[in-house]
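Chains, contacts and geometry: an overview
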Amino acid sequence: MKDLLIIGAGPAGLTAAIYAVRAGIECAILEKFSPGGQVVNTYEVENYPGFENPIPGWELMSAMEAQARRLGVPIESVDVAGIRKDDAADSFIVTTADGGEHAARAVILATGASFKKVGVPGEVEFTGRGVSYCATCDGAFYKGRTVAVIGGGNTALEEALFLTRFATRVYLIHRRDEFRGAKILQDRVLSNDRITPVYDTVVGSINGATSVESVTLINKKTNVQSEQHVDGVFVFVGYEPNTAYCPAELLNPAGEVIVNRDMKTRIDGLFAAGDLREGSIRQIVAACGDAAVAAVHAYAYLAEREHR
Ligand SMILES: Cc1cc2nc3c(=O)[nH]c(=O)nc-3n(C[C@H](O)[C@H](O)[C@H](O)COP(=O)(O)OP(=O)(O)OC[C@H]3O[C@@H](n4cnc5c(N)ncnc54)[C@H](O)[C@@H]3O)c2cc1C
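The text that follows walks through the structure, step by step, so that each part is easy to find. All figures in this text were calculated on a predicted structure; none of them were measured in a lab. (Residues numbered from 1 in each chain as written. Predicted model: local features only at pLDDT ≥ 70, side-chain atom pairs only at ≥ 80, totals over all residues. Heavy atoms only, no water.)

Considerations on helix H1 (residues 11-22)
This is how the line gets drawn: Numbering of helices and strands runs from the N terminus; a helix is a DSSP stretch of H or I covering at least four residues, while a strand is a stretch of E covering at least two. Under the convention used throughout, the expected extent of a helix is 1.5 Å for every residue step, that is, one less than its residue count. Each residue's exposure class comes from its accessible area (1.4 Å probe, protein chains only) as a fraction of the maximum for that residue type: buried when under 20%, exposed when over 50%, partly exposed otherwise. When checking whether two residues touch, look at their non-hydrogen atoms; a contact exists if any pair is within 4.5 Å.
Taking 1.5 Å as the rise per residue, H1 with 12 residues should run 16 Å; its terminal C-alpha atoms sit 17 Å apart, in good agreement. What H1 keeps buried is the set Pro11, Ala12, Gly13, Leu14, Thr15, Ala16, Ala17, Ile18, Ala20 and Val21. For H1, the secondary structure elements touched by its buried residues are strand E1 (2-7), strand E2 (27-31), helix H2 (57-70), strand E5 (75-77), strand E8 (101-109) and helix H6 (284-306). Just downstream of H1, Gly24 is the residue with a positive phi angle, here 85 degrees.

Dropping the structure here:
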């Protein structure tokens, strides 16, 4: 049995592990894909302190992973499917999709969040054939072409700007009359002559024969429908927490894990950090901060049990 299991190897999980091993806790990370989390899909990060110039997302996360591995943190490749407390043994059983079980005295949940779908006809059918959730991964396919970006928050604005490196026209479709993203990003978007903002508008459907050819736009103020030719659609309309494996008692109605300021959940010995928690500002530095808090309190929890 491990002292501590950490679920997820994004910024929160890797940071929690770094703090835990340095405190002498025997821990391991369980990660369903490769380490790095959402940041590996980020073209570049400009707001994580310590780097004078923007750093590519994959580079930042490779460094965090290397740091954790150097300190001796094992990262196991498994998809966590459930977690329960064994009260008699005062420990946790983490179950995995392949039928495996892992036991630990304490657990930190750090499984982050995933993209929300926009939920219109054509979205599922054309995913991978013109519909994408990752500009860094797919942007280069649209050299000299026309794309739509759906959304108006920081990620939508950042990714629309990134796509102008390839696409000659980016329609930025937002349901409100102004973007929600940071002022500096709004200024960059509005002064970029490859981006056409389309306000007060939702996408009714994504259309095409074998791949994306157009989007049907609906103006929310006038109800007027129009058809816009595009070769690709990038969806950035928010996130949902990756918490399907969590007991319902831990979650709020949005599926986020409820924690106190020590990152403790409602179950003693179970902590949560990063984008999956209620009130997260969904930023790398915040995920790392949460994780440090969670690891320090996990250490205190384990130490208290040892000295009983
Ligand atoms: C396109 C984009 C651009 C962004 N740009 C910035 C930026 O410039 N600056 C910034 O500060 N933030 C940015 N963010 C936000 C930032 O990426 C997140 O806040 C941060 O990654 C959250 O870290 P996390 O560790 O909580 O979760 P995540 O990064 O989501 O990591 C969670 C990990 O858990 C794993 N996991 C999920 N479910 C399971 C399971 N059942 N079993 C095992 N493992 C599981 C996932 O595979 C993943 O590796 C951006 C996000 C995106 C998508």
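As for the sheet that holds strand E16 (residues 225-229)
How we decide: At least two DSSP bridges between two strands are needed for those strands to be called paired. All axes are obtained by fitting lines to C-alpha atoms, using only the stretch in contact for helices, and the reported angles, taken between N-to-C directions, cover 0 to 180 degrees.
In space, the three strands of this open sheet follow the order E14-E15-E16, with antiparallel pairing throughout. The strands lining the two open edges of the sheet, one partner per strand, are strand E14 (201-208) and E16. Taken over all neighbouring pairs, the strand axes of this sheet differ in orientation by 25 degrees on average, direction set aside. Sheet analysis places strand E15 (residues 212-219) next to E16, joined by five bridges and oriented antiparallel. Its bridge partner lying in E16, Ser214 is registered against His229.

Some words on the sheet that holds strand E10 (residues 131-132)
Taken in spatial order, the five strands of this open sheet run E10-E17-E11-E12-E13, and their pairing is parallel. The open sheet terminates on both sides in strands that have one partner only, identified here as E10 and strand E13 (195-198). Pairing geometry for strand E11 (residues 146-150) and strand E17 (residues 232-235), over four bridges, is parallel. Opposite Ile150, over in E17, you have Val235 as the bridge partner.

So, the packing of aromatic side chains
Which entries qualify depends on this criterion: The criterion for an aromatic pair is that two Phe, Tyr or Trp rings (for Trp, the six-membered ring) have centres within 6.5 Å, with stacked assigned to planes under 30 degrees apart, edge-to-face to planes over 60 apart and tilted to the rest.
Counting across every chain of the model gives nine aromatic pairs. Both rings, one in Tyr48 and one in Phe51, keep their centres 6.3 Å apart while their planes meet at 35 degrees; by these two values the pair is tilted. Centre to centre, the rings of Phe271 and Tyr301 are 6.3 Å apart; their planes meet at 80 degrees, and the pair counts as edge-to-face. In this pair, Phe271 sits in strand E19 (residues 270-272) while Tyr301 sits in helix H6, placing the two residues 30 residues apart along the sequence.

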